[in-house]
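Examination of the molecular architecture
Spelled out, the chains give:
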Amino acid sequence: AKTQPAAFDTRAVQQRDSAHYLHPFTDHKSLGERGARVIVRGDGVHIWDSEGKQIIDAMSGLWCVNVGYGRTSISEAVYKQMETLPFYNSFFNTTNLPAVELATKLVSLAPAGFNHVFFTGSGSEANDTNVRMVRRYWDLMGYKDRHTIISRHNAYHGSTVAGASLSGMEGMHAQGGLPIPGIVHIGQPNYVASGRGMSEDAFGLEAASWLEKKILEVGPDKVAAFIGEPVQGAGGVIIPPATYWPEIQRICDMYGVLLIADEVICGFGRLGKWFASERFGMRPDLITFAKGVTSGYVPLGGVMVGERVANVLIEKGGDFNHGFTYSGHPVACAAALENIRIIEQEQLVEKVGGASGAYLAERFASLRDHPLVGHADSCGFVAGLNLVKNKADAVHDCELFDPELGVGMVCRSFMFANGVIMRAVGERMIIAPPLVMNHTQINDMIS
Ligand code: PLP
């Protein structure tokens, strides 16, 4: 039997929580007044709060619990590794078995041309690694001015200083003088917001052309890399037109700019492929991963390093003066290996790329008939819809459209109170359910 949480006084925990725990991305004062909901247990696609209420976790925690909650084989693998060797990393010519085995496994799953992995503790650290790595690459190639990285508005690449700089979130840049020098942004391929009646294909090409404009503005001999999420996640599940990534690839190739695919959300089956760049015709030089690699059971991230960069770093680089205490952490790598074994055994990538993904797409699209839903679209196991007051010339106002709080925030709280965790970005409501969600559970969530 799975371990059940011990009983406790929820109100007392909430008081200690607001007294001592500064939550990420949270207005601490408002948390103090309302009190945070205490989540105590998870199983499959569900979590339970301290009041015993069952909730469908349609966000997989933070887009990460791909194999669902309560996998005892992962806890067993972690326990076994902790008993054998809980930690080892010295930076001095040592390695450990789970790290080697995981690197080998990831290379076997990655697109052709990826033979190396750099491990980190998180997605943010992995993107910091990308900044260091692409700049080092160009230094070694003899182009010491080629340090600028182009990213996109409304992108999310993490919350470290470099990660938040790569991110294109105004609210993050407004705090602490970001972005750091050498990181610039272009528009996002958001057809619903910016399509202006163009065809999707034409808009995809136009959005990609902003990259070429920016390269020419900065100077092609100064641009190191372009970074993008195949489907923007935290920015609102922005699914690009089919023409976008092939054109971005063509532009990167033309100017020799390195392409970084940030697959922290999109990788490990979420878009129906092990690596989402395969779905979009991208040929990235570096791929950022985290989250789904361990389904969040233990923190782990990293960068798949393609041959173009790896060869130069290895052949010409000498010491790469970068790394983390927890790079290649044996316990995290053991969790990842078991997580990947589950994904393979249960054919979750194939299911999301096939029947489950198609079923979710069909059921999610049916929400377009709802009087408050405008656009609704999905890609694999991520989906988003726009809440609208005015639809087909009818006005459907209701208490959700609170002008102060914003419709997304009100809807998110409403859904949470009613047993489904969704995310809100403006008026867009988002889901990214565990990849194990079955048809009955999809129906439950949609209803
Ligand atoms: N990149 C993307 C695309 C993400 O969605 C995230 C986190 O949500 C990150 C990077 C940062 O990962 P972490 O929170 O593990 O640092």
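For the structure itself, look to the data block above.
Residues numbered from 1 in each chain as written. Predicted model: local features only at pLDDT ≥ 70, side-chain atom pairs only at ≥ 80, totals over all residues.

With that settled, consider the environment of Ala-202. Following the sequence through the fold, Ala-202 ends up in helix α10 (residues 200–218). Taking the C-alpha atoms as reference points, Ala-202 and Pro-241, separated by 39 residues in sequence, lie 8.7 Å from one another. (Helix = DSSP H or I, 4+ residues; strand = E, 2+ residues; numbered from the N terminus.)

Let's shift gears to the pairing of strand β11 (residues 373–379). As defined by bridge partners, β11 adjoins strand β12 (residues 382–387) across 5 bridges and the pair is classed as antiparallel. Each bridged residue has a counterpart across the sheet, and for Ala-376 the counterpart in β12 is Leu-385. Connecting the antiparallel pair β11 and β12 is a turn made up of 2 residues, with Gly-380 showing a positive phi of about 60 degrees. (Pairing = 2+ DSSP bridges.)

This paragraph deals with unusual backbone geometry. Geometrically, the link from Leu-178 to Pro-179 is a cis peptide bond, its omega value of 0 degrees lying close to zero. Inspection of the secondary structure puts Pro-179 in the loop between α8 (170–173) and β6 (183–186). The phi angle at Asn-154 is positive, at roughly 70 degrees, despite the residue not being glycine. Among the secondary structure elements, Asn-154 is positioned in the loop between β5 (148–152) and α7 (161–166). A tally of 20 C-beta atoms within 10 Å means that Asn-154 is categorised as buried. (Buried ≥ 20, exposed ≤ 12 C-beta atoms within 10 Å, placed from the backbone.)

The next point concerns the nonpolar core. In this structure, Phe-226, Met-304 and Ala-335 are the most contacted members of the largest nonpolar core, which totals 120 residues. In terms of residues, this core owes the most to one element, helix α13 (residues 330–345), which gives 9 residues. Per-domain counts for this core show at least three residues from each of domain 1 (37–58 + 354–446) and domain 2 (75–345). Beyond its immediate sequence surroundings of up to four residues, Phe-226 is in contact with Ile-150, Leu-211, Ile-248, Cys-252, Val-257, Leu-259 and Ile-260. (Core = buried A, V, L, I, M, F, W, Y, C linked by C-beta atoms within 7 Å. Domains from an automatic or database assignment. Contact = placed C-beta atoms within 7 Å.)

Before going further, it helps to spend a moment on the packing of helix α5 (residues 97–109) against α13. As a packed pair, α5 and α13 sit with axes 8 Å apart at the nearest point and diverge in direction by 40 degrees. Looking at the two axes, α5 sits oblique to α13. As for how α5 packs across α13, the hand of that crossing is left-handed. On α13, the residues touching Pro-98, Ala-99, Glu-101, Leu-102 and Lys-105 of α5 are Pro-330, Cys-333, Ala-334, Ala-336, Leu-337 and Ile-340. Split by residue class, the contact of α5 with α13 holds 9 nonpolar, no polar and 2 charged. (Axes fitted to C-alpha atoms, helices over the stretch in contact; angles between N-to-C directions. Parallel < 35°, antiparallel > 145°, perpendicular 65-115°, else oblique. Left-handed = near helix turned anticlockwise from the far one by under 90°. Nonpolar A, V, L, I, M, F, W, Y, C, P; charged D, E, K, R; others polar.)

The values are spatial; any link to function lies outside them.
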